[in-house]
Amino acid sequence: KKALQRSITDNYKNIEQYIISQPERFFNFLVLAIYDGEPNWIQVDLELGNDTFYNMGFLTLSGNEHIFPVDGQHRVEGIKSALSTQEYKELLKDERVPVVFIGHKNTDVGMQRSRRLFNTLNRYAKPVSQSDIIILDEDDTSAIATRFLIEDSAEVSLFKNSRLDDSLQKAINSANKTSFTSLIAFAECNGAIQKYYFKHKFLNTDKYHNYKNKYYSNKDKINYNDFKRYRPDKEVLDEFIQYTEDYWKKFERGLPFIQDYLKIQEENPAYQYRNSTEGGNILFRPIGIVPFVEATLKIMEKNENNSFDSVFTKFIENVEFIISKKPWINVVWSSQDHTMITVPKVFIRNLFLYVYDKSLLTAKQLFSLKVQYAKFIVYEGQLENISLENLIFGG
């Protein structure tokens, strides 16, 4: 409920204006979930000719119930806002709005049912915010894995409590001195991890063919985006969740500064890793963590004999993570303004790969990286007269 309320936008003000200015207003029914209290259904038998109907009656509420909108959040907020003034409260007090009540239970099965209903009513009818999909999607394995790692994983602690910013934006507010990353950035990372697993571990297995035949029998082959649309059986779902959890276990274990961050007990544990003085660590910025994860997956793709443990170790040995130093200074971090610079995700991923092992990039990617890097640092010389290595790490 709390997460859904965060998704309310200013659009409810337009609905409020519609209510108070349109005398012939019309609302579609609201879908409301109800739990707790003592709802009571009183059946009324209706006879019409030779037929008797038993599906009518009265629903009585004790007043102790909790009710929240599954569909129609903005309409509910608009109605509440219109009723907040005494003038319109009096004018609108006799208005009637059709509603559909659904029983909601605060259990795993009950919450799954309400999440799926929310998606059924919203996902395909209009765009749903990314955070709502993460919170509520019961079919997308990466969203399910994201919630598992936040709520249930006993192995990964990096995304629990205040270490994850659950606001509606991918970027983290500068006032946030506690979180490692944002919910949306974390979910993007999990999507990348699972896309890799789908392509390199799951594809062409019997489980893949069983899934495809069940949901896409008319297709010769499906991709990861197809896979995300329908929830797999428990064995496959657990497989994807386990791989995602294993990645983050090794991430926590393999990067010493993550271990140090997790050990900080005082307030503002993320301050030394994300601040406006020295910038901090690039992985504590959503703009950095997603391409970093993608870079580690690309390394594994190039050589599947690698392990994530060895990849993280080599990153620590070869790559600078402080954004006020090379190769990041004046590329992602402005030394003059002490602010982040908007940089394409692919560029950051390829810069990670270059510093890790330049042989991972093609000649075309290396040339593009050189051109873009020169542009960001406002290099005024002739590019053909300087190597990419000297451009990045030269004096």
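Above this text sits the structure in question.
Now for a look at the structure at hand. (Residues numbered from 1 in each chain as written. Predicted model: local features only at pLDDT ≥ 70, side-chain atom pairs only at ≥ 80, totals over all residues. Heavy atoms only, no water.)

In this section: the overall build of the protein chain. Each helix and strand in the protein chain was counted, giving 17 helices and seven strands. Overall size of the protein chain, expressed as C-alpha extent along the three principal axes, is 95 × 55 × 40 Å. Put simply, the protein chain has 395 residues, and 44% of those count as buried. Excluding contacts between residues fewer than 6 apart, the proportion of contacts in the protein chain whose partners are at least 24 apart in sequence is 61%. (Helix = DSSP H or I, 4+ residues; strand = E, 2+ residues; numbered from the N terminus. Buried < 20%, exposed > 50% of the residue type's maximum accessible area, 1.4 Å probe, protein only. Contact = heavy atoms within 4.5 Å.)

What the rule picks out here adds up to 13 salt bridges. Linking Asp-246 and Lys-249 is a salt bridge whose minimum nitrogen-to-oxygen distance equals 3.8 Å. With Asp-246 and Lys-249 both in helix α11 (residues 234-254), this residue pair falls three residues apart, about one helical turn. According to the relative accessible area criterion, Asp-246 is partly exposed, its value standing at 24%. A salt bridge links Lys-345 to Glu-294, with the shortest nitrogen-to-oxygen separation between them at 3.2 Å. Within this pair, whereas Lys-345 is found in helix α15 (residues 345-357), its partner Glu-294 is found in helix α13 (residues 286-302), the two being separated by 51 residues in sequence. One salt-bridge network, held together by shared partners, links Glu-138, Arg-147 and Arg-231. (Salt bridge = Lys/Arg side-chain N within 4 Å of Asp/Glu carboxyl O.)

An α-helical segment advances 3.6 residues per turn. Residues three or four places apart therefore align on the same side. With 17 residues, α13 extends 25 Å from end C-alpha to end C-alpha; this agrees with the ideal 24 Å at 1.5 Å per step. When you tally the buried positions in α13, you get 12 out of 17 residues, the bulk of the element. Residues of α13 that are buried: Pro-286, Gly-288, Ile-289, Val-290, Pro-291, Phe-292, Val-293, Ala-295, Thr-296, Leu-297, Ile-299 and Met-300. Among the structural elements, β7 (181-182), α8 (183-202), α11, α14 (308-318) and α15 are those in contact with the buried residues of α13. (Expected span 1.5 Å × (residues − 1).)

Time to look at the sheet that holds strand β5 (residues 99-103). Taken in spatial order, the three strands of this open sheet run β4-β1-β5, and their pairing is mixed. Two strands bound the open sheet, and with one partner strand each, they are β4 (66-71) and β5. Within the sheet, the average angular offset between the axes of one strand and its neighbour, ignoring direction, is 35°. Of the strand pairs in this sheet, strand β1 (residues 30-35) and β5 are connected by five bridges, and their pairing is parallel. Considered in β5, the bridge of Ala-33 is made with Ile-102. (Pairing = 2+ DSSP bridges. Axes fitted to C-alpha atoms, helices over the stretch in contact; angles between N-to-C directions.)

For the rest of this paragraph, the subject is the nonpolar core. In terms of nonpolar packing, the biggest core is built from 83 residues, with Trp-248, Phe-251, Leu-283, Ile-289, Phe-292, Phe-315 and Phe-352 touching the most fellow members. Excluding anything up to four places from it in sequence, Phe-352 contacts Ile-282, Leu-283, Gly-288, Pro-291, Phe-292, Ala-295, Phe-315, Val-319, Phe-321 and Trp-328. Val-31, Ala-33, Phe-68 and Ile-102 belong to the second-largest nonpolar core, a separate cluster that totals six residues. (Core = buried A, V, L, I, M, F, W, Y, C linked by side-chain atoms within 4.5 Å.)

Position of Asp-226 relative to the elements: it lies in helix α10 (residues 224-227). Excluding residues that lie within four positions of it along the chain, Asp-226 makes contacts with Tyr-211, Tyr-216 and Lys-219.

Bringing unusual backbone geometry into the picture now. Residue Pro-327 is bonded to the preceding Lys-326 through a cis peptide linkage, with omega at 10°. Located in the positive-phi region is Asn-161, a residue other than glycine, with phi close to 60°. By secondary structure assignment, the location of Asn-161 is in the loop between α7 (141-151) and β6 (164-165). Residues other than glycine seldom take positive phi values, yet Asn-204 does so here, at roughly 75°. As for its placement among the helices and strands, Asn-204 is situated in the loop between α8 and α9 (206-215).

Structurally, the position occupied by Phe-68 is in strand β4. Looking at Phe-68, the relative accessible area reads 7%, which means it is buried. The spatial distance from the C-alpha of Phe-68 to the C-alpha of Ala-33 is 5.4 Å, given a sequence separation of 35 residues.

Attention shifts here to the packing of α7 against α11. It is the contact of α7 with α11, at a shortest axis distance of 9 Å, that shows an interaxial angle of 55°. With respect to their mutual orientation, α7 and α11 come out oblique. Between α7 and α11 lies a crossing whose hand is right-handed. Residues Thr-141, Ile-144, Ala-145, Phe-148 and Leu-149 of α7 touch α11, and the partners they reach there are Leu-237, Phe-240, Ile-241, Thr-244, Glu-245 and Trp-248. Classifying every residue of the contact of α7 with α11 by side-chain character gives eight nonpolar, two polar and one charged. (Parallel < 35°, antiparallel > 145°, perpendicular 65-115°, else oblique. Left-handed = near helix turned anticlockwise from the far one by under 90°. Nonpolar A, V, L, I, M, F, W, Y, C, P; charged D, E, K, R; others polar.)

Now for the packing of aromatic side chains. Under the defined criterion, the tally for this structure stands at 45 aromatic pairs. Ring centres 3.7 Å apart and planes at 15° place the aromatic pair Phe-159 and Phe-186 in the stacked group. Here Phe-159, found in the loop between α7 and β6, pairs with Phe-186, found in helix α8; they are 27 residues apart in sequence, far enough to count as distant. Residue Phe-186 is classed as buried on the basis of its relative accessible area of 1%. Taking the centre distance of 4.9 Å and the plane angle of 90° together, the rings of Phe-180 and Phe-284 count as edge-to-face. (Phe/Tyr/Trp six-rings, centres within 6.5 Å; stacked < 30°, edge-to-face > 60°.)

Looking now at the packing of α11 against α14. Where α11 meets α14, the closest approach of the two axes is 9 Å, and the angle between their N-to-C directions is 35°. With respect to the hand of their crossing, α11 and α14 are arranged in right-handed fashion. Along its contact with α11, which presents Tyr-243, Tyr-247, Lys-250, Phe-251, Arg-253 and Gly-254, the element α14 presents Phe-308, Asp-309, Phe-312 and Ile-316. Its residues placed into classes, the contact of α11 with α14 shows six nonpolar, one polar and three charged.

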